[in-house]
Amino acid sequence: MLEVVGRLALVAAAFAVLPLLVGQAEHKVMAHMQGRLGPMYAGAFHGWAQLVADGVKFAQKEDVVPAAADRRIFKLAPAVALVPYLLVLLVIPVGPHGQVALDLGPGVFFALAVMGVGVIGAIMAGWASANKYSLLGGMRVTAQLMSYELPMVFSAASVAMAAGTLSLSGIVEQWRWYWLPWQLVGGAVFFVAGLAELRRPPFDMPVADSEIIFGPYTEYGGLRFALFLLAEYAGIVVLCGLTTVLFLGGWKGPFLDGPLGWLWTLVKVFALAFAVIWFRVSYPRLREDQLQRLAWAWLVPLSLAQLALTGVLKVALG
Amino acid sequence: MGRLPGGGLAKGLAVTLRTMTRRSITRQYPEAEPDLPPRSRGVIALFEENCTVCMLCARECPDWCIYIDSHKETLPAEGGGRPRARNVLDRFAIDFALCMYCGICIEVCPFDALFWSPEFEYAEYDIAELTHERDRLREWMWTVPPPQAPDEHAEPSKEVLAARKAAERGDRR
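Within each chain, residues carry numbers counting from 1 in the order of the written sequence. Naming scheme: in the order in which they are written, chains are lettered from A and ligands are numbered from 1. Only residues with pLDDT of 70 or above have their local features reported here, since the model is predicted, and side-chain atom pairs are shown and tallied only from 80 upward, although totals for entire chains, interfaces and linings are computed over all residues.

Engineer: Which parts of the structure should I look at to understand the overall build of chain A?
Structural biologist: Here a strand is any run of E in DSSP of at least two residues, a helix any run of H or I of at least four, and the numbering for each starts at the N terminus. Of regular secondary structure, chain A possesses eleven helices and zero strands. When the helices and strands of chain A are listed from N to C terminus, the series reads α-α-α-α-α-α-α-α-α-α-α. What you see for chain A is a C-alpha radius of gyration of 20 Å, in line with the 20 Å of a compact globule of 318 residues. Burial is judged by counting other C-beta atoms within 10 Å of a residue's own C-beta: 20 or more means buried, 12 or fewer means exposed, and anything between counts as partly exposed, with every C-beta placed from the backbone. Classification of the 318 residues of chain A by burial places 47% in the buried group. This entry defines residue contacts through backbone-placed C-beta atoms, with two residues in contact when those atoms are within 7 Å. Taking all contacts inside chain A whose residues are at least 6 apart in sequence as the whole, residues at least 24 apart take part in 77%. In this setup the radius of gyration rests on C-alpha atoms only. A globule is expected at 2.2 Å times the number of residues raised to 0.38.

Engineer: Whenever I open this one, helix α1 (residues 2-33) of chain A confuses me. Can you help?
Structural biologist: One turn of an α-helix holds 3.6 residues; hence residues three or four places apart share an orientation. Between the first and last residue of a helix there are one fewer steps than residues, each counted as 1.5 Å, and that sum is the expected span. Between its first and last C-alpha atoms α1 of chain A spans 45 Å; for 32 residues at 1.5 Å apiece the expected length is 46 Å, and the two agree. The positive-phi residue at the C-terminal boundary of α1 of chain A is Gly 35 of chain A, with phi of around 70°.

Engineer: Got a minute to help me understand the confidence of the model for chain B in this structure?
Structural biologist: Interpretation of the predicted coordinates at a detailed level should be avoided for regions scoring low in pLDDT. For chain B, the average pLDDT comes to 87, and 97% of its residues sit at 70 or higher. Taken together, the chains of this predicted complex give a pTM of 0.78 and an interface ipTM of 0.75. Each residue carries a pLDDT score, the predictor's confidence in it, ranging from 0 to 100.

Engineer: I'm lost on the environment of Ile 127 of chain B in this one. Help?
Structural biologist: All names here are of chain B. Position of Ile 127 among the secondary structure elements: in the loop between β4 (114-117) and β5 (131-132). The exposed category is assigned to Ile 127, around which 11 C-beta atoms lie within 10 Å. Taking the C-alpha atoms as reference, Ile 127 lies 9.3 Å from Asp 95; in sequence the two are 32 residues apart.

Engineer: Sorry if this is basic, but what is going on with the nonpolar core here?
Structural biologist: In globular proteins that are soluble, nonpolar side chains generally tend to be buried together. Linking buried Ala, Val, Leu, Ile, Met, Phe, Trp, Tyr and Cys residues through C-beta atoms within 7 Å yields a set, and such a set is a nonpolar core. In terms of nonpolar packing, the biggest core is built from 91 residues, with Val 88, Ile 92, Ile 171, Ile 236, Val 237 and Val 238 of chain A touching the most fellow members. Per-element accounting of this core gives the leading share, 16 residues, to helix α9 (residues 222-247) of chain A. Setting aside residues no more than four positions away along its own chain, Ile 236 of chain A makes contact with Val 22, Leu 198, Ala 273 and Val 276 of chain A. Ranked by size, the runner-up nonpolar core spans 17 residues in total, among them Leu 46, Phe 92, Cys 99 and Leu 114 of chain B.

Written as structure tokens, this is what we have:
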């Protein structure tokens, strides 16, 4: 019992700290990639407390609900956006021998299904805001979820097929270094589709602030808006964690992959999070039709090809 | 690199990564003074000893932001002449909330009483406080940099040329 509580506390701490670390890294990395310094004052040393200051600011703001909004749905939406990522974090193994809060048999299935629920939060927000920009954004979120969930599930299925198990720790146990080239295409598709599902730039058409204000989040302010932002960064952590576990061998590394393997997991997660930020700085936003084209004309065929490759090799070798 | 499919994407990533490894160009202003270009138009300084209250600046100002008050003073005759009247400056103020920093007043001043100063830290919390009086304008005179030296191989200025010509004419005579 005590152990379960300890694990849950660890997951909660990771859920509270890791997104903030990613957010702060985004502030600084994005600034330096643009030749700026980023936050420098909050906390007196290179702005390390910027997000804390932001949080205090958000907490002080007024909680406004538009008169025409669907109040209950409007208020519920941020929680629906945030909580699924916490649930996914529960099943992501960070180290060997059961270093996971909840070792589910069908872990891949659970993670993908629950991650999809996170997107519902944005759709709810778009619908309940009674604002045409929010509605447009919500519809775009829906369209994006429809098209990108498919390649994501295909490429995750490819790994599950290669490992012969749906358990996330089981997949890492089965992982060998040659899976890197073998599942390379699937990994890339999974990561890109995950980015699109999180609506991270360059796939941020649903929140395109220069044309539809801020999409589903237009009417939000204060803490509820902060929760949506937190959900975005928690989503980055979860996506990077899933990609690490499924495609990069989780806690396995060239050395030190014993009980300290969770360090490898952390390193890989942060390397991927860096890539997420890097893509945001480097690429312009995809237009809505380009977005759909990328999903249906490239990612879906590529993930199907990966699935075929995995099946052929599995049968030929096994 | 742009020829290969996806080469453009890689190039974009390379550009941002290269920028990240370089020193950022941000100067942290209140701690680090900015390097202002010579002759930057920060504020207009008044060298009131040179001012004759001719009012040219106030009249030429496109948005009428210069306020001048003066009175006449009669100086007693020196030697055998008649007494001379002289303008005395009572008030000289520039409303920097109106000023558009065109510099026409400085151009038209025939007595070199107005100068550009690079000083720029005179923001106020109230728009009415942006009208600065003559003592403040005179203080800014100390921040006016000396005129820039001409470029090494530049043509000499008109004044120098004229003086040189006059000197040559004198030699011939």
